[in-house]
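Fold and geometry: a report
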Amino acid sequence: MATYLLHTFKRLAVSERGPAGAALRVIAAANLHTSSTLAKNWNGHNTGPQRWLQYNKVIYPPQQPDEQARPAYICHQKTNIKYSPKKMWYVASFVRGMSVDEALKQLSFIDKKGASYVKEAILEAIDMAVKRHNVEYRTNLWVAESFCGKGRVFKGMRRHARGRSGEVEYKHCHYFVRLEEGTPPAHYYQPAPKTGEQQLAEWEEAMRKRKVTGSL
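**Notes on the side chain of Gln77**
Tracing the backbone shows Gln77 in strand S1 (residues 73-81). The exposure class of Gln77 is buried, given its relative accessible area of 12%. A distance of 3.0 Å separates a polar atom in the side chain of Gln77 from the backbone oxygen of Pro49. The residues contacting Gln77, other than those within four sequence positions of it, are Pro49, Trp52, Leu53, Tyr175 and Phe176.

Okay, here's the thing in structure tokens:
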């Protein structure tokens, strides 16, 4: 903690000569939280995830006339969203397995900050699918994958009582989505419920395999 505070004060240190230095010193003392200027300089070498977008550049071999048509898909991402990845997980999991129309409709009524980012990402992915990936009907898409990851974490100093100081983290997240052409599955998370005939067959098979203790 002592090393962190030392580096923090080095960043906030300004020249003490002249009235301009005094004014800057007042601004630096008043703004102890991480500012946008410092945030741009910290961890500037990290450009964000790049592998997810490479799936859009995959070239598949030509299909045979008797083969089933391969559904088109589009991968899209939004990086460095000023939102906690734990909170974004709820919104990302909510829209999985939905058609794009249903997902956009549901996201319009979710009172969460992350819902606006997810909705914007899906709209951008739909536009890219139609313009760049030759998807004929923009409504014939469904959310095949939707997840988030941890992004940049900026650390700042927060003033506490009695002259003490603490550390505050400004978390960011990355959101990834993959839209696939076709009709969404009826049961995305769970398998289809078994019919009465299937349950009866399983029960009969279990009865045949049972062993009676002490029998011949």
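**Thoughts on helix H4 (residues 85-94)**
Regarding H4, the residues found buried are Pro85, Met88, Val91, Ala92 and Ser93. Where H4 is buried, its residues meet S1, helix H5 (100-107), helix H6 (113-132), strand S2 (141-159) and strand S3 (165-181).

**Some remarks on the pattern of salt bridges**
All chains considered together, the criterion is met by eight salt bridges. Across the pair Glu145 and Arg178 runs a salt bridge, and its minimum N-O distance is 2.8 Å. Separated by 33 residues along the polypeptide, Glu145 in strand S2 and Arg178 in strand S3 bring together distant segments of the chain. With its nearest N and O atoms 3.8 Å apart, the salt bridge here joins Lys209 to Glu205. Of this pair, Lys209 and Glu205 both sit in helix H7 (residues 196-209), four residues apart, which is roughly one turn of the helix. For Lys209, a relative accessible area of 66% gives the class exposed. A relative accessible area of 36% places Glu205 in the partly exposed class. Taken together, the salt bridges that share partners define one network made up of Lys78, Glu120 and Glu124.

**Focus on the packing of H5 against H6**
Contact pair H5 / H6: the axes reach a minimum separation of 9 Å and the direction vectors enclose 155°. In this view, H5 runs roughly antiparallel relative to H6, as classed from their interaxial angle. By crossing handedness, the relation of H5 to H6 is classed as left-handed. Two secondary-structure elements touch here, H5 through Val100, Ala103, Leu104 and Leu107 and H6 through Ala115, Val118, Lys119, Ile122, Leu123 and Ile126. Residues of the contact of H5 with H6, tallied by class, amount to nine nonpolar, no polar and one charged.

**As for the nonpolar core**
Ranked by internal contacts, the top residues of the largest apolar core, which has 28 residues, are Val118, Ile122, Tyr175 and Leu179. Those elements that provide at least two residues to this core are S1, H4, H5, H6, S2 and S3. Ranked by residue count, the leading element in this core is H6, at eight residues. When sequence neighbours within four positions are dropped, the list of residues in contact with Ile122 reads Val100, Ala103, Leu104, Leu107, Val143, Val177 and Leu179.

Scoring rules and cut-offs
- Residues numbered from 1 in each chain as written.
- Predicted model: local features only at pLDDT ≥ 70, side-chain atom pairs only at ≥ 80, totals over all residues.
- Heavy atoms only, no water.
- Helix = DSSP H or I, 4+ residues; strand = E, 2+ residues; numbered from the N terminus.
- Buried < 20%, exposed > 50% of the residue type's maximum accessible area, 1.4 Å probe, protein only.
- Polar contact = N/O pair within 3.5 Å; in protein donor to acceptor, adjacent residues only side chain to side chain.
- Contact = heavy atoms within 4.5 Å.
- Salt bridge = Lys/Arg side-chain N within 4 Å of Asp/Glu carboxyl O.
- Axes fitted to C-alpha atoms, helices over the stretch in contact; angles between N-to-C directions.
- Parallel < 35°, antiparallel > 145°, perpendicular 65-115°, else oblique.
- Left-handed = near helix turned anticlockwise from the far one by under 90°.
- Nonpolar A, V, L, I, M, F, W, Y, C, P; charged D, E, K, R; others polar.
- Core = buried A, V, L, I, M, F, W, Y, C linked by side-chain atoms within 4.5 Å.

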